[in-house]
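These are the residues of each chain, in order.
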Amino acid sequence: MALREVSQKRVLPLLAQFTRGLSASAMPEQPAPFSYVPPGRNHLFVPGPVNIHERVLRAMHVPGQNHRDPWFAEFYKECLEDTKHMYGTKAATPFIFPGTGTGGWEAALCNTLSPGDKVICFRYGLFSHLWIDMMQRLGLDVTVVDRPWGEGADEGALEELLRKDTGKKIKAVCVVHNETTTGVTSDIAGCRKAMDAAGHPALLLVDGVSSIGALEFKMDDWRVDVAVTGSQKAMSLPTGLAFVAASPKALEAMKSAKLKRVYYDFADMLRTNPSGNVPYTPCLSLLYGLRESIKMWKEEGGMEAVAARHHRLAEGVRQAVDGWGLKLLCKNPRWRSDSLTVVEVPEGVDSNKIVKNAYAKYDLSLGIGLASINGKVFRIGHLGNMNELMLAGALVGAEMAMIDSGISIKPGSGVARATEYWHKTGSVIKTRESLLK
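Here's a quick rundown of the structure. (Residues numbered from 1 in each chain as written. Predicted model: local features only at pLDDT ≥ 70, side-chain atom pairs only at ≥ 80, totals over all residues. Heavy atoms only, no water.)

## Some words on the overall build of the protein chain
Working step 1: Helix and strand counts for the protein chain stand at 15 helices and 14 strands.
Working step 2: For the C-alpha atoms alone, the extent of the protein chain along its principal axes is close to 105 × 60 × 55 Å.
Working step 3: Sequence separation of at least 24 residues holds for 73% of the intrachain contacts in the protein chain that already meet a minimum separation of 6.
Working step 4: Carbon and sulfur atoms make up 56% of the accessible area of the protein chain, which totals about 20,800 Å².
Working step 5: Put simply, the protein chain has 52 plus and 46 minus side-chain charges, and the middle of one group is 3 Å from the middle of the other. (Helix = DSSP H or I, 4+ residues; strand = E, 2+ residues; numbered from the N terminus. Contact = heavy atoms within 4.5 Å. Areas by Shrake-Rupley, 256 points an atom, 1.4 Å probe, with all protein chains shown as cover. Lys, Arg positive; Asp, Glu negative; His and termini not counted. Charge placed at Lys NZ, Arg CZ, Asp CG, Glu CD.)

## Details of the sheet that holds strand β14 (residues 377-381)
Adjacent strands of a sheet form backbone hydrogen bonds with each other and so pair up, either parallel or antiparallel.
Working step 1: Strand order in the open sheet formed by five strands is β1-β13-β14-β12-β11, and the pairing between neighbours is mixed. The open sheet is flanked by β1 (43-45) and β11 (327-328), the only strands paired with a single partner.
Working step 2: Bridging between β11 and strand β12 (residues 340-344) involves two bridges; their strand directions are antiparallel. Each bridged residue has a counterpart across the sheet, and for Leu328 the counterpart in β12 is Val343.
Working step 3: In this fold helix α14 (residues 388-404) packs onto β1, β13 (364-368) and β14, with an angle of close to 70 degrees to the strand it touches most, β13. (Pairing = 2+ DSSP bridges. Axes fitted to C-alpha atoms, helices over the stretch in contact; angles between N-to-C directions.)

## Looking at the packing of aromatic side chains
Working step 1: With the rule as written, the count across this model stands at 14 aromatic pairs.
Working step 2: Here the aromatic rings of Trp105 and Trp131 are separated by 5.9 Å at their centres, their planes lie at 20 degrees, and the arrangement is stacked. Taken together, the positions of Trp105 in helix α4 (residues 101-110) and Trp131 in helix α5 (residues 126-137) put the pair 26 residues apart, joining distant regions of the chain.
Working step 3: For Trp131, a relative accessible area of 0% gives the class buried. (Phe/Tyr/Trp six-rings, centres within 6.5 Å; stacked < 30°, edge-to-face > 60°. Buried < 20%, exposed > 50% of the residue type's maximum accessible area, 1.4 Å probe, protein only.)

## Some remarks on the layout of surface pockets
Working step 1: Reported here for the largest pocket is a volume of approximately 1,400 Å³.
Working step 2: The set of elements that each furnish at least two residues to the lining of the largest pocket consists of β1, α2 (54-60), α11 (284-300), α12 (303-324), α14 and α15 (413-425).
Working step 3: Tallied by class, residues from the lining of the largest pocket come to 20 nonpolar, 15 polar and 10 charged.
Working step 4: Empty space within the second largest pocket amounts to approximately 510 Å³.
Working step 5: If you go around the second largest pocket, you meet 27 residues; those closest to its centre are Arg318, Pro333, Trp335, Arg336 and Ser337.
Working step 6: Contributions of two or more residues to the lining of the second largest pocket are made by α7 (188-197), α12 and β11.
Working step 7: A per-element tally of the lining of the second largest pocket places α12 first, with seven residues. (1 Å grid on protein atoms, 1.4 Å probe; cavity = no way out; pocket = protein on both sides within 12 Å on 5 of 7 lines; lining within 4 Å. Points joined across faces, edges and corners; volume = space filled by probe spheres on them. Nonpolar A, V, L, I, M, F, W, Y, C, P; charged D, E, K, R; others polar.)

## A few points about the pairing of β13
Working step 1: The buried count for β13 comes to four of five residues, which makes it a mostly enclosed element.
Working step 2: Relative to β13, β1 runs parallel, the two sharing three bridges. Residue pairing in the sheet places Phe45 in a bridge with Leu366 of β13.

Written as structure tokens, this is what we have:
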């Protein structure tokens, strides 16, 4: 037997015995998935949660406090009054619930309706579908009006349904204002006109979760009876607050509404809020952030200026999509959302791959396609704390991720179109005009 073979027979068993005796800690470990935090920052461009401004983060950085101490009452009453600004209301009563927009949905329904009540709701995306599911599980009789995904509420169909209801059995019309599945914004003013044309007394309940604070919303002018939103969308706060506003008509309906309610009962709020109190522990840090967010809106010029900024940013993204040679899911300009843009990908491309490449290679978070359009679209959120340079970075990342995923586009083709539009439509930042004189 050769000397090398003898050595291997003797050494290899000894080596195996030695390595088996090593402790796990002595062996090199692979880092856990997602445990490495790269330089720079995560680029968050989904339609909620959104980017939080540094001023808001600092405002929320407070120690634990007792909301039963005397200071809280005036603080909370000011918080409630401030929220009227975002709804565009003077007449409605605002409520702030610890919760999410989904909790706001439940509050809107349970405080105004009774088991078996007939309601109309349009379905044109996952979130309108989920609200309908909640209605049905609560025991409401829902007339579902299905619309193509990429279109909004059909005012003509609504008017026709209401005219046929000669006995006025329909108690509410429910509309998702901005459907984040599809990038569609329905015309709430148009829905109100349809209801008036039909002479129908139904309540108008509106999901404004991804619209209020980003898009035009005029609760009093449109005679919306209940409006709902959440802190993690255009308000640019962390998740955790459900905002609801109820018209005098909705509060009157509450008196006869028989759907079961406990946590989201308006009555508990109405009993405690006028004195600056709450029926249960509030999210104090988020309330501090809320006041700072609304203060920033007012400094910007009010909700008209905020909506104009969102429109301008969104139009730049739409220009970029055209520059890429791609199409929007929402084809009709009347329904295009200024909160997000939903981009169709070419046949044979899985849009999930784009989203994965964006996060894996560029630390960019884009929205996946949801439900029946999963794999067919990706979503770029541009609501809340946002400006041109932030959004331009997202477009650069999206371009690289699309190229990585096999889409043939010219680098810079979309970014160039967006920046050209933003440059033409831009203006000097308020209070910095003296620098350019």
